[in-house]
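Chain residues, written in single-letter form:
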Amino acid sequence: MHELAATPAWASLAYLISGVLFILALRGLSSPATSRRGNRFGMIGMLIAVATTLILHNTGLVEIGIAIAIGGVIGYVTAQRIAMTAMPQLVAAFHSLVGLAAVLVAGAAFLNPGDFGIVDQVTGHILQVSRIEMGLGVAIGAITFSGSVIAFLKLNGNMSGSPIMLPGRHVINLGMLAAILGLIGYFLTDDAQWVFFTITALSFVIGFLLIIPIGGADMPVVVSMLNSYSGWAAAAMGFTLHNTAMIVTGALVGSSGAILSYIMCKAMNRSFISVIAGGFGAAPEASGGAAKVDRPWKRGSADDAAFLMGQAEQVIIVPGYGMAVSQAQHVLREMGDVLKEAGVRVKYAIHPVAGRMPGHMNVLLAEANVPYDEVFELEDINSEFSQTDVAFVIGANDVTNPAAKTDKSSPIYGMPILDVEKAKTVLFVKRSMGGVGYAGVDNDVFYMDNTMMLLGDAKKMVEEIVKAMAH
């Protein structure tokens, strides 16, 4: 008999409360202003769920306590040491752990079905419904683990962010996915060990193969997609463990991650299938968008930028990955404060896929204590650029590239962009003219008459601008 049916009323109520808190957590995380409260709801909900589960299963508490202590110490130390700029790879690493946990739980249930209450009393074999849960859980978990490892290596710079195109990858991937689904179907008729472990092995491999050909420009979608996978893996294991809270939590994470992936794809004018197919973010030659450094462009200085912004009525700051790499968010906020003291209106424009994960720029600006009411999403601020004196772009290449509107051959064609070129003056902070964005396309804004290029490290450049404003 399933343990779920024997769950005491108080435990069901506790799981219900934790589920409500998880929903409130997601609601809170929908806005930077309420994100702290949302995190607290999530923490309290998880505490209730874990405590309830431990009380219900009062065996092996010493071992579980040791594991929790070790994990807690590792988590605390990691949270203290990790830089906000490294948050995307940290999220990818956490996703990999969730996937691996799902694989280990499925493996434990398969090897010890009696302990999990999933044995058919008549045949002595694993219940068919549990085989479905187990097969899907281990497959999704393994894909999540290996895919997240590749995403981590790409985001952390241990592997090139450019796509790695394997010959015949689509045929290989489709063949392996078909084999995995076929084996899960066969698993219903035969719960032999070779079937289960073959599903596991193939899933680990397909996870690597799916993420390797995806370029850095698609990383925001990949991170949210892996987040969704980890949720569905947890939900599947929740059925195997007969744990209501795990099912609810996994479903919430899975569905919210899927919705976020859709939003990211829409923001890039990409389909989910085209992201999985990979290739976005290839070398510049592949898209015909090699950097055209021989075109005429204007170079400016920190003094020029300080003068232009000091005379402006409104400045819109557009942060991108360049700001994250140089960790310029704090000095950028300082520059904004100086401008506001001089009577200049300052706003921040955020593109949905700026950076390397959803909300990357929002997190960095929040860390620097930029007021939430000064931060605007693309659809809320794009119309203001034509009435803006200065657009200050700091490391945001692809999301400001007009080629997305004009060049049908461009890999980013159709992607909504921030219309910075409509501002009276564009100040573009960039390390050098030789590089291109992750999509591998040159940006026509660099060469426009109203653009002044500020070349150098973003943090140092903004520091020099702040110093110039003080004189």
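Whatever comes next refers back to the structure up there.
Peer 1: Any chance you could break down the overall build of the protein for me, citing the residues and the numbers?
Peer 2: Scanning the protein for helices and strands turns up 18 helices and six strands. Against the globule reference of 23 Å for 471 residues, the protein gives a C-alpha radius of gyration of 25 Å, in line with a compact fold. With the principal axes as the frame, the protein shows a C-alpha extent of 80 × 50 × 35 Å. Counting all 471 residues of the protein, 48% fall into the buried class. The contacts of the protein with a sequence gap of at least 6 include a subset with a gap of at least 24, amounting to 79%.

Peer 1: Can you lay out the packing of helix α8 (residues 219-241) against helix α9 (residues 244-267) for me, pointing to particular residues and giving the numbers?
Peer 2: For the pair α8 and α9, the least separation of the axes is 7 Å and the interaxial angle reads 160°. If you check the angle between α8 and α9, you find them roughly antiparallel. α9 is crossed by α8, and the crossing has left-handed handedness. Its residues assigned to classes, the contact of α8 with α9 shows 17 nonpolar, eleven polar and no charged.

Peer 1: Can you tell me about the pattern of salt bridges, naming the residues and giving the values?
Peer 2: Applying the stated criterion across every chain, the model contains ten salt bridges. Of the charged contacts, one joins K340 and D337 as a salt bridge, the two residues approaching to 3.6 Å between their closest N and O atoms. Placement of both K340 and D337 in helix α14 (residues 329-341) is noted, with a separation of three residues, approximately one turn of the helix. For K340, a relative accessible area of 31% puts it in the partly exposed group. Owing to a relative accessible area of 26%, D337 belongs among the partly exposed residues under this scheme. Here D389 ties to K424 by a salt bridge, and the two come within 3.3 Å at their closest N and O atoms. Of this pair, D389 sits in the loop between α16 (378-381) and β4 (390-394) while K424 sits in the loop between α17 (403-406) and β5 (425-430), and the two are 35 residues apart along the sequence. On the basis of relative accessibility, which here comes to 17%, the residue D389 falls in the buried class. Within the structure, one salt-bridge network assembled from shared partners comprises R333, D337, K340 and E374.

Peer 1: Outline unusual backbone geometry, supporting the account with residue identities and numerical values.
Peer 2: The residue Q327 is not glycine, and still its phi comes out positive at about 55°. Structurally, Q327 can be placed in the loop between α13 (321-326) and α14. Looking at Q327, the relative accessible area reads 41%, which means it is partly exposed. With a phi close to 65°, N369 is a non-glycine residue in the positive phi region. You can see N369 is positioned in the loop between α15 (360-367) and β3 (375-377).

Peer 1: Describe the nonpolar core, listing the residues and the values that go with them.
Peer 2: Counting residues in hydrophobic clusters, the biggest one holds 48 residues, and the most contacted among them are V222, V318, F385, L418 and V420. With six residues, α8 is the single largest residue contributor to this core. Setting aside its immediate chain neighbours within four residues, V222 contacts A151, I211 and I214. In this structure, M323, V429, L454 and I465 belong to the second largest nonpolar core, which totals 39 residues.

Peer 1: Give a description of the pairing of strand β6 (residues 451-455) that names residues and reports values.
Peer 2: Most of β6 sits inside the fold, with five of its five residues counted as buried. What you see with β6 is no split at all: T451, M453 and L455 on one side and M452 and L454 on the other are buried throughout. Bridge count for β5 against β6 is five bridges, and the pairing is parallel. Of the residues in β6, the one forming a bridge with V429 is L454.

Peer 1: Quick rundown of the environment of L252? Include the residues and the values.
Peer 2: Along the chain, L252 turns up in helix α9. The sequence separation of L252 and L26 amounts to 226 residues, and the corresponding C-alpha distance is 8.5 Å. In this structure, L252 is in contact with G19, F22, I23 and L26, ignoring residues within four places of it in sequence.

Peer 1: Before we move on, can you summarise a negative patch on the surface with the specific residues and values?
Peer 2: A contiguous patch of negative charge, built from D303, D304, E334, E463 and E464, is present on the exposed surface. Those elements that place two or more of their residues in the negative patch are α12 (302-310) and α18 (458-470). Owing to a relative accessible area of 32%, E463 belongs among the partly exposed residues under this scheme.

Peer 1: So, helix α2 (residues 35-56): which residues are in play, and what are the values?
Peer 2: An α-helical turn contains 3.6 residues, so a residue and the one three or four places further along point in the same direction. The terminal C-alpha atoms of α2 lie 32 Å apart, and with 22 residues this matches the ideal 32 Å at 1.5 Å per residue to within 8%. What α2 keeps buried is the set G38, G42, G45, A49 and T52. Projection of α2 onto a plane perpendicular to its axis shows the buried side chains occupying an angular sector of 100°, all on one side. Structural note: α2 exposes R36, R40, M43, L47 and I55 on the side pointing more than 90 degrees away from its buried face. If you follow the buried residues of α2, they end up packed against α1 (9-28) and α9.

Peer 1: Account for the environment of D444, with residues named and values stated.
Peer 2: Here D444 is to be found in the loop between β5 and β6. Residue contacts for D444: discarding those within four places in its chain leaves R295, N401 and P402.

Peer 1: I'd like a rundown of α18, residues and numbers included.
Peer 2: The end-to-end C-alpha distance of α18 is 19 Å, a good match for the 18 Å that 13 residues give at a rise of 1.5 Å each. Listing the buried residues of α18 in full gives A458, M461, V462, I465, V466, A468 and M469. Taken around the axis of α18, the buried residues stretch over an arc of 160°, which confines them to a single face. In α18, the exposed positions that point more than 90 degrees away from the buried face belong to K460, K467 and A470. Where the residues of α18 are buried, they touch α12, α13, α14, β4, β5 and β6. The opening residue of α18 is D457, an N-cap whose side-chain oxygen sits 3.2 Å from the backbone nitrogen of K459.

So, how was this worked out
- Residues numbered from 1 in each chain as written.
- Predicted model: local features only at pLDDT ≥ 70, side-chain atom pairs only at ≥ 80, totals over all residues.
- Heavy atoms only, no water.
- Helix = DSSP H or I, 4+ residues; strand = E, 2+ residues; numbered from the N terminus.
- Rg over C-alpha atoms; globule rule 2.2 N^0.38 Å.
- Buried < 20%, exposed > 50% of the residue type's maximum accessible area, 1.4 Å probe, protein only.
- Contact = heavy atoms within 4.5 Å.
- Axes fitted to C-alpha atoms, helices over the stretch in contact; angles between N-to-C directions.
- Parallel < 35°, antiparallel > 145°, perpendicular 65-115°, else oblique.
- Left-handed = near helix turned anticlockwise from the far one by under 90°.
- Nonpolar A, V, L, I, M, F, W, Y, C, P; charged D, E, K, R; others polar.
- Salt bridge = Lys/Arg side-chain N within 4 Å of Asp/Glu carboxyl O.
- Core = buried A, V, L, I, M, F, W, Y, C linked by side-chain atoms within 4.5 Å.
- Pairing = 2+ DSSP bridges.
- Patch = residues over 30% accessible without salt bridge, like charges linked within 9 Å, V, L, I, M, F, W, Y side chains within 5 Å.
- Areas by Shrake-Rupley, 256 points an atom, 1.4 Å probe, with all protein chains shown as cover.
- Lys, Arg positive; Asp, Glu negative; His and termini not counted.
- Charge placed at Lys NZ, Arg CZ, Asp CG, Glu CD.
- Expected span 1.5 Å × (residues − 1).
- Arc of directions from axis to C-beta.
- Polar contact = N/O pair within 3.5 Å; in protein donor to acceptor, adjacent residues only side chain to side chain.

Take it as geometry only, folks, not as evidence of what the structure does.
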